[in-house]
Amino acid sequence: MAPRLKVFVTSDGLTDYVVAVSSRAKALAAWGVRQDVFKEGAAHETDDPALVKAALARPGEVLRRPAGTRGELARLKPVKAEKPKGPSKAQLRKVADLESKLAELDRTQEASLAELDRQQADLDRRRRALEARHAKRREALEASLKAARAALG
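Here's what I pulled together on the structure shown here.

Rules behind the numbers
Residues numbered from 1 in each chain as written. Predicted model: local features only at pLDDT ≥ 70, side-chain atom pairs only at ≥ 80, totals over all residues. Heavy atoms only, no water. Helix = DSSP H or I, 4+ residues; strand = E, 2+ residues; numbered from the N terminus. Rg over C-alpha atoms; globule rule 2.2 N^0.38 Å. Buried < 20%, exposed > 50% of the residue type's maximum accessible area, 1.4 Å probe, protein only. Contact = heavy atoms within 4.5 Å. Lys, Arg positive; Asp, Glu negative; His and termini not counted. Charge placed at Lys NZ, Arg CZ, Asp CG, Glu CD. Salt bridge = Lys/Arg side-chain N within 4 Å of Asp/Glu carboxyl O. Core = buried A, V, L, I, M, F, W, Y, C linked by side-chain atoms within 4.5 Å.

### Looking at the overall build of the protein
And step 1. Within the protein, the regular secondary structure consists of three helices and five strands.
And step 2. When its helices and strands are written in sequence order, the protein yields β-β-α-β-α-β-β-α.
And step 3. Taking 15 Å as the expected radius of gyration for a compact globule of 153 residues, we find that the protein reaches 45 Å, considerably beyond that expectation.
And step 4. C-alpha extents for the protein along the principal axes are approximately 140 × 35 × 25 Å.
And step 5. Of all 153 residues assigned to the protein, the portion counted as buried reaches 18%.
And step 6. Within the protein, counting contacts between residues at least 6 apart in sequence, those at least 24 apart form 48% of the total.
And step 7. If the 32 positive side-chain charges of the protein are averaged to one point and the 22 negative ones to another, these points end up 3 Å apart.

Spelled out as structure tokens, the structure:
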């Protein structure tokens, strides 16, 4: 059995809003209202035959008319659904792509630094070998120079 529909009315002072739904909570949702306007007395269930007939012809749809008149009820533009809170899939994908690019950049930097360290170690080894050859040749030349000076007298 389908739930019994009730007709609810609220007004913002300029426009009356009418909706046929099964509960007050659904009426508030249809109007796009977050506060309980029933509790404040700004909304109520109606038994006005003209309003009931028009609202029951379009259940769940908000109808409007100028406040305080007996004019025709017109359809209200539907309330836009709220955007879901949180990041979109595109934003999440962008963040993931940037994180992977950052990780790749860090790996490249580490590889480059490791290559520079290897080259530096090779240069240090070559420098020590060069200094050792220089020291050995210098020693030999100094010994020869000393011998030549000693022969002079």
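### Notes on the pattern of salt bridges
Any two side chains of opposite charge can pair, on the condition that their charged atoms come close.
And step 1. Applying the stated criterion across every chain yields a total of six salt bridges.
And step 2. The partner of Arg127 in a salt bridge is Glu131, and the shortest N-O contact between them spans 3.1 Å. With a gap of four residues between them, Arg127 and Glu131 both fall in helix H3 (residues 89-152), about one helical turn apart.

### What to know about the nonpolar core
And step 1. Listed in full, the 12 residues of the largest apolar core are Phe8, Tyr17, Val19, Val21, Ala27, Leu28, Ala30, Trp31, Val37, Phe38, Ala43 and Val62.
And step 2. Broken down by secondary-structure element, the contributors of at least two residues to this core are strand E2 (15-21) and helix H1 (24-31).
And step 3. One finds Val7, Val18, Ala20 and Leu51 within the second-largest nonpolar core, a separate group that totals six residues.

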